[in-house]
Amino acid sequence: MKNVTNIIKHFSFLLIAVVIFSCSKNPENYIKHIEGYWEIDEVTMADGSKKEYKFNETIDYISVNDSLKGFRKKLKPGINDTYFSSDDEEAIVLKIEDNKLNIYYNTPYANWKETVLEATESQLRIINESENIYVYKRYTPIKLDID
């Protein structure tokens, strides 16, 4: 009977370990979802207050190359996959540090870091150094059938 109890304990421990490790989020998996067009959905401030965005005049375009460097640019969307942009852009570098995916920004005026909390095909959650959490949704372009 003691052997059966020990086997059940070991099996239970193994099962719990597999569940914990399989559910843990690997920040390397976030990288493939960062690139693209994103619009802000809501911000949760460090004090817990929230601001929701019903309409956005601008969206963010993030481009990342194989060396995990790229840029973020603000765009004004038009119709049928057209975008209007200024020449301003923020250089970015993605780095995995302490099992987190960090985005380092660099402009002529400032440098800062944000941490990706989650990145999927449809959502991007980022926390900044002030502990504000930004939730973005994948931007869907406005398509009009004009012939």
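Here, the structure is the one placed above.
Residues numbered from 1 in each chain as written. Predicted model: local features only at pLDDT ≥ 70, side-chain atom pairs only at ≥ 80, totals over all residues. Heavy atoms only, no water.

Here's the deal with the overall build of the chain
Phase 1: A count of helices and strands for the chain gives two helices and 10 strands.
Phase 2: Along the chain, helices (α) and strands (β) appear in the sequence α-α-β-β-β-β-β-β-β-β-β-β when read from the amino end.
Phase 3: For the chain, buried positions account for 28% of its 147 residues.
Phase 4: The long-range share in the chain, meaning contacts at least 24 apart out of those at least 6 apart in sequence, stands at 42%. (Helix = DSSP H or I, 4+ residues; strand = E, 2+ residues; numbered from the N terminus. Buried < 20%, exposed > 50% of the residue type's maximum accessible area, 1.4 Å probe, protein only. Contact = heavy atoms within 4.5 Å.)

Section: a nonpolar patch on the surface
Phase 1: A cluster of nonpolar side chains, Ile79, Ile142 and Leu144, forms an exposed patch at the surface whose accessible area comes to about 240 Å².
Phase 2: Here isoleucine 142 shows up in the segment after strand E10 (133-138). (Patch = residues over 30% accessible without salt bridge, like charges linked within 9 Å, V, L, I, M, F, W, Y side chains within 5 Å. Areas by Shrake-Rupley, 256 points an atom, 1.4 Å probe, with all protein chains shown as cover. Salt bridge = Lys/Arg side-chain N within 4 Å of Asp/Glu carboxyl O.)

Overview of the side chain of threonine 115
Phase 1: Mapped onto the secondary structure, threonine 115 falls in strand E8 (residues 111-119).
Phase 2: You can call threonine 115 buried: its relative accessible area is 13%.
Phase 3: A distance of 2.7 Å separates the side chain of threonine 115 from the side chain of asparagine 102, its partner in a polar contact.
Phase 4: With residues near it in sequence (within four places) discarded, threonine 115 still touches Lys100, Leu101, Asn102, Arg125, Ile126 and Ile127. (Polar contact = N/O pair within 3.5 Å; in protein donor to acceptor, adjacent residues only side chain to side chain.)

Some points on the environment of asparagine 128
Phase 1: In this structure, asparagine 128 sits in strand E9 (residues 123-128).
Phase 2: Look at asparagine 128 and you get buried, because its relative accessible area is 17%.
Phase 3: Sequence-wise, asparagine 128 and tryptophan 112 are 16 residues apart; in three dimensions their C-alpha atoms are separated by 8.5 Å.

So, the packing of aromatic side chains
Phase 1: Counted under the stated rule, the structure contains five aromatic pairs.
Phase 2: Ring centres of tyrosine 37 and tyrosine 61 lie 4.7 Å apart, and the angle between their planes is 40°; on these two criteria the pair is classed as tilted. Highlighted residues: tyrosine 37 in strand E1 (residues 36-44) and tyrosine 61 in strand E3 (residues 59-64), separated in sequence by 24 residues.
Phase 3: Where tyrosine 83 meets tyrosine 139, the ring centres are 6.3 Å apart and the plane angle is 65°; that geometry is what we call edge-to-face. (Phe/Tyr/Trp six-rings, centres within 6.5 Å; stacked < 30°, edge-to-face > 60°.)

Side note on the nonpolar core
Phase 1: Of all hydrophobic cores here, the largest spans 17 residues; its most connected members are Ile34, Ile62, Ile103, Val116 and Leu124.
Phase 2: Counting residues per element, the ones that place at least two in this core are E1, E3, strand E6 (90-97), strand E7 (100-106), E8 and E9.
Phase 3: Discounting chain neighbours no more than four positions away, the residues touching isoleucine 34 are Ile62, Val64, Leu101, Val116, Ala119 and Leu124. (Core = buried A, V, L, I, M, F, W, Y, C linked by side-chain atoms within 4.5 Å.)

Some details on unusual backbone geometry
Phase 1: With a phi angle near 50°, aspartate 98 is a residue other than glycine that sits in the positive phi range.
Phase 2: Mapped onto the fold, aspartate 98 is located in the loop between E6 and E7.
Phase 3: Here glutamate 131, not a glycine, exhibits a phi torsion of approximately 70°, which is positive.
Phase 4: With respect to the helices, strands and loops of the structure, glutamate 131 is situated in the loop between E9 and E10.

Here's the deal with the pattern of salt bridges
Any two side chains of opposite charge can pair, so long as their charged atoms come close to each other.
Phase 1: One pass over the structure, following the stated rule, counts eight salt bridges.
Phase 2: In this structure, aspartate 60 engages arginine 72 in a salt bridge whose closest nitrogen and oxygen atoms are separated by 3.8 Å. Taken as a pair, aspartate 60 in strand E3 and arginine 72 in strand E4 (residues 69-77) lie far apart in primary sequence, 12 residues in all. Arginine 72 carries the same exposure label as aspartate 60, and that label is buried.
Phase 3: In this structure, the salt-bridge partner of lysine 74 is aspartate 60, at a minimum N-O distance of 2.6 Å. Of this pair, lysine 74 sits in strand E4 while aspartate 60 sits in strand E3, and the two are 14 residues apart along the sequence.
Phase 4: The exposure class of lysine 74 is partly exposed, given its relative accessible area of 47%.

Limitation: the analysis is restricted to geometry and does not speak to function.
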